[in-house]
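Inside the fold
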Amino acid sequence: MLTTVEKDVAHTRLQAAVEEMCLTLRRASRSLYVRDAADFACAVADLSGRFVAYPQDVGVSGFVGLDLTPAIEAATANGPLAPGDVVLTNDPYLSGGLSTHLPDVHAIAPFFDGDELVGYGWAFVHVSDVGGRVPSSVSVLNDSVFAEGLRVPPVRYVRAGTVVPEVEAILAANSRTPEANRGDLHAMLAALDTGRRRVGELTADLGPAGFADVGAFAREQSAARARSALRTLADGTYRFEDFLDNDGVSGVPLRVVVTATVDDGAVHLDLTGTDPQVEAALNMVTFGRAHSWVVTRLFAIVGTLDPAVPLNGGLMDVIGFTAPEGTLLNATGTAATGVRHATTSRVNDVVSGALVQAAPEVLPAASSGLVVPVVFAAADGSRVDVVEPMVGGTGARHGADGADGRDSGISNLSNNPVETVEANVSVRVLRYALRADSGGAGRWRGGSGLELEFEALTDGGLLARGLERLRFRPWGFAGGRPGALTELVVNEGRTDERRLSVVDVHPLRAGDRVVLRTSGAGGYGDPLERAEQAVLADVAAGLVTVEAALEAYGVVVRDGVVDTAATAAERAGRSVSGERTGRSVSADGGRAHSLGPERERWERVFPSVLADRLDAYLRTLPTTTRAARRREILGGVLAGLPERFPGVPASEAASVAAERAFAEAVTAVAGPTPGTA
């Protein structure tokens, strides 16, 4: 029987093993997105199928709670795994939710002690292309999983240590970048070999029973520490909602709702009220279970409260989850999933918006809420490269500004060095910098977004999957202002300028210039309470302009210094007049959320109480008709409003008419509001 100290030491050895697996994979990979952006991960699982060791610092962190069991069961339907086998899969439906979209290829290797199965090694990479309609395989306009590329059910890619040539041939024939893919897949095999050796060394010392004890110990310790951390949140039930810009096939936004219940260190997330799955690639497959990539905000909270908590599947033991079937967070059938990261980014925002009410001095304001891998594809599809995985900033929190140009909401991808990009991709990077005046103003400023500008050196295609926050701002909190909206422009300032909001593959000619400005994060606290010298430092750093220092913070900067007297007068005048933040306040009970004018206009016409009743009605319809019916109802109301509503305000008369039209439409399908005649 192992002592606690022996288990702890053994688990440390497992942690070192998964870190070594990741380093092996990264050094052996062939693509920029794996080698430089680090869109990969490795782990070791015990026989439960849950991870017992996951890297703390290398690769993507959000998959720590995955469950290998459904994929293993599918792979072993016709016989058990043997030493040297490796299972490969990429399909969310066929893998039981292990993969989240087709370019994420997952590999599972059984680990044995002699003839006895003791656990599994796991690795995944985001490969460059798996076929489908568009280069890189990901477009929001894909209308089913069949349009997104090759579907690989859990199959043996390696048998007894030898790659199955027929499987490799099928993979190669269904990709625009077969050699890059092959290099990355073989890098995964090298990583799994590393894990096999290290686990073998450990089981040689401990035996199979000892290895099982270490795994159970690791998960129990992480669960206990997570529960202890979450006990610092006030028990209660908290609701919040936010929006995606559109449903991928029209200008109608999508609503994401969470009701979070905190109870003695456990958190249950109920996504009831979230809109139906759509005929675009914004869906997430969870099978109605808590999925690691949907609950990453809870991992971040636990890690903030207990920075040393070991990452493993035990973190899932304190999380409950409800998502009605046929919704964005529990898609069924063959719904497309390629841009699921846009939806899960918004889930992060709504979970934060709910739980900040339970812990206002712990949770931040909204982060930028987008992850946009900007892809340049050669005209013939022979090269598909990520120029940069673009994010925005981190939300400000009580006592600290948000991080500028970094947001680990659903991933912790690295940026690609400009020199590496220009050496490998047919573009010239003209600007890559933090975006001025993008972070929401506050006593603590929201993190700044990024600005990327590049010129195409050859003809090709632009893809910007996950483009979001062009319509609804990242919210601020406790008087902090929301962040700036996203902008994507081709040939800005030229006669052929085009502003993009939904991108499939936008053709580029040599000489075309693309600029993406990502959204900034929400601020926290009254901007008029921000220290004058902190505002001056932001101006000096180029994060805040002199004009914004005056408008948002009431700070007068002249010739590089603060005019103290003028600033005092400016701030005093605003306090007397009652002009503080000009914030709009959420209508769902979160009294301190600053949502921005666009949300205020939207929720006046489409209030939550009516949207909830419409959702209840839609869930009585067949899954395949719900999104279209919702689009029909909301589209009819929007027809009476300005084309760019809510970015452009409607007249009072038009707003009143739209409010009435929506209420009548909901009553017509869902009946009168309860309690009314």
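As a starting point, this report considers the structure included with it.

Calculation notes
Residues numbered from 1 in each chain as written. Predicted model: local features only at pLDDT ≥ 70, side-chain atom pairs only at ≥ 80, totals over all residues. Heavy atoms only, no water. Helix = DSSP H or I, 4+ residues; strand = E, 2+ residues; numbered from the N terminus. Rg over C-alpha atoms; globule rule 2.2 N^0.38 Å. Buried < 20%, exposed > 50% of the residue type's maximum accessible area, 1.4 Å probe, protein only. Contact = heavy atoms within 4.5 Å. Axes fitted to C-alpha atoms, helices over the stretch in contact; angles between N-to-C directions. Parallel < 35°, antiparallel > 145°, perpendicular 65-115°, else oblique. Left-handed = near helix turned anticlockwise from the far one by under 90°. Nonpolar A, V, L, I, M, F, W, Y, C, P; charged D, E, K, R; others polar. Core = buried A, V, L, I, M, F, W, Y, C linked by side-chain atoms within 4.5 Å. Pairing = 2+ DSSP bridges. Right-handed = clockwise from strand over helix to strand, strands pointing away. Expected span 1.5 Å × (residues − 1). Arc of directions from axis to C-beta. Phe/Tyr/Trp six-rings, centres within 6.5 Å; stacked < 30°, edge-to-face > 60°.

It is worth spelling out the overall build of the protein at this point. Each helix and strand counted, the protein has 15 helices and 24 strands in total. A compact globule built from 677 residues should have a C-alpha radius of gyration of about 26 Å, and the protein, at 25 Å, falls within 12% of that. Relative to its 677 residues, the protein shows a buried fraction of 59%. Contacts in the protein between residues at least 24 apart in sequence constitute 72% of all its contacts with a sequence separation of at least 6.

What follows covers the packing of helix α13 (residues 608–618) against helix α15 (residues 652–670). Interhelical geometry of α13 versus α15 gives an angle of 30 degrees and a closest axis separation of 10 Å. One finds that α13 runs roughly parallel with respect to α15. Crossing of α13 against α15: the hand is left-handed. For the pair α13 and α15, the contacting residues are Leu610, Ala611, Arg613, Leu614 and Tyr617 in the first and Phe662, Ala663, Val666, Thr667, Val669 and Ala670 in the second. Residue composition of the contact of α13 with α15, by class: 9 nonpolar, 1 polar and 1 charged.

Time to look at the nonpolar core. Among the nonpolar cores identified, the biggest contains 92 residues, and Tyr54, Leu68, Ile108, Trp122, Leu269, Leu298 and Leu355 are the most heavily contacted of them. The dominant element in this core, judged by the number of residues it contributes, is helix α7 (residues 340–355), at 6 residues. If near-sequence neighbours (up to four positions away) are discounted, Leu68 is found in contact with Ala45, Gly49, Phe51, Leu98, Ile108, Tyr120 and Trp122. Among the nonpolar cores identified, the runner-up in size contains 49 residues, and Val52, Ala53, Val105 and Ala123 belong to it.

So, about the pairing of strand β10 (residues 266–270). Only one face of β10 is covered, namely the one carrying Val267 and Leu269; the face carrying Ala266, His268 and Asp270 has none of its residues buried. The antiparallel pairing of strand β9 (residues 254–263) with β10 creates a hairpin that spans 2 residues between the two strands, and Asp264 there sits at a positive phi of about 55 degrees. Two elements, β10 and strand β11 (residues 319–322), share 4 bridges in a ladder whose sense is parallel. Within β11, the residue paired with His268 across the bridge is Gly320. Taken together, β10, helix α6 (residues 296–305) and β11 form a β-α-β motif whose crossover is right-handed.

Moving on: the sheet that holds strand β21 (residues 513–517). The sheet built from 5 strands is open, its strands ordered β14-β15-β21-β18-β19 with antiparallel pairing. Two strands lie at the open edges of the sheet, namely β14 (427–434) and β19 (498–499), each paired on one side alone. Two elements, strand β15 (residues 450–456) and β21, share 5 bridges in a ladder whose sense is antiparallel. Bridge pairing in β21 links Glu451 to Arg517.

Our next topic: unusual backbone geometry. For the peptide bond that leads from Phe645 to Pro646, omega is 5 degrees, which places it in the cis range. With respect to the helices and strands, the residue Pro646 is situated in the loop between α14 (623–638) and α15. Unlike most non-glycine residues, Asp437 shows phi in positive territory, near 60 degrees. With respect to the element layout, Asp437 can be found in the loop between β14 and β15.

Another aspect to go through is α15. End to end, α15 covers 27 Å across 19 residues, agreeing with the expected 27 Å (1.5 Å per residue, within 8%). Among the residues of α15, Ala654, Ser655, Ala658, Phe662 and Val666 are the ones counted as buried. Looking down the long axis of α15, one finds its buried residues gathered within 100 degrees of arc, a one-sided arrangement. What points out from α15, more than 90 degrees from its buried face, is the exposed set Glu652, Ala653 and Ala668. Positive phi shows up at Gly671, right after α15, with a value of about 90 degrees.

This brings us to the side chain of Glu598. Relative to the helices and strands, Glu598 is located in helix α12 (residues 597–605). A relative accessible area of 4% places Glu598 in the buried class. Beyond its immediate stretch of four places on either side in the chain, Glu598 contacts Arg471, Phe472, Arg473, Leu485, Pro646 and Gly647.

This paragraph deals with the packing of aromatic side chains. Enumeration over the complete set of coordinates arrives at 15 aromatic pairs. Between Phe51 and Trp122 the ring centres are 4.9 Å apart and the planes differ by 40 degrees, which places this aromatic pair in the tilted class. Highlighted residues: Phe51 in strand β2 (residues 51–53) and Trp122 in strand β5 (residues 116–126), separated in sequence by 71 residues. Judged by centre distance (5.5 Å) and plane angle (50 degrees), the ring pair of Phe477 and Tyr524 falls under tilted.

Within the span of helix α10 (residues 546–553), buried status applies to Ala548, Ala549, Ala552 and Tyr553. Buried residues of α10, seen end-on, are gathered within an arc of 105 degrees and therefore sit on one face of the element. Phi turns positive, to about 70 degrees, at Gly554, one or two residues after α10.

Along the chain, the position of Lys7 falls in helix α1 (residues 4–28). For Lys7, the residues in contact, after removing those within four places along its chain, are Leu2, Asp213, Val214 and Phe217.

Relative to the helices and strands, Ala160 is located in the loop between β6 (155–159) and β7 (162–163). Of the residues examined, Ala160 reaches a relative accessible area of 60% and is grouped as exposed. For the pair Ala160 and Ser448, spaced 288 residues apart in the sequence, the C-alpha separation amounts to 51 Å.

This part is about the sheet that holds strand β16 (residues 460–464). Strand order in the open sheet made by the 4 strands is β13-β12-β16-β20, with antiparallel pairing throughout. Single-partner strands in this sheet number two, and they are β13 (384–390) and β20 (506–508). Within this sheet the neighbouring strands show an average axis-to-axis angle of 25 degrees, counted without direction. Of the strand pairs in this sheet, strand β12 (residues 372–378) and β13 are connected by 6 bridges, and their pairing is antiparallel. For Ala377, the partnering residue across the bridge sits in β13 and is Val384.

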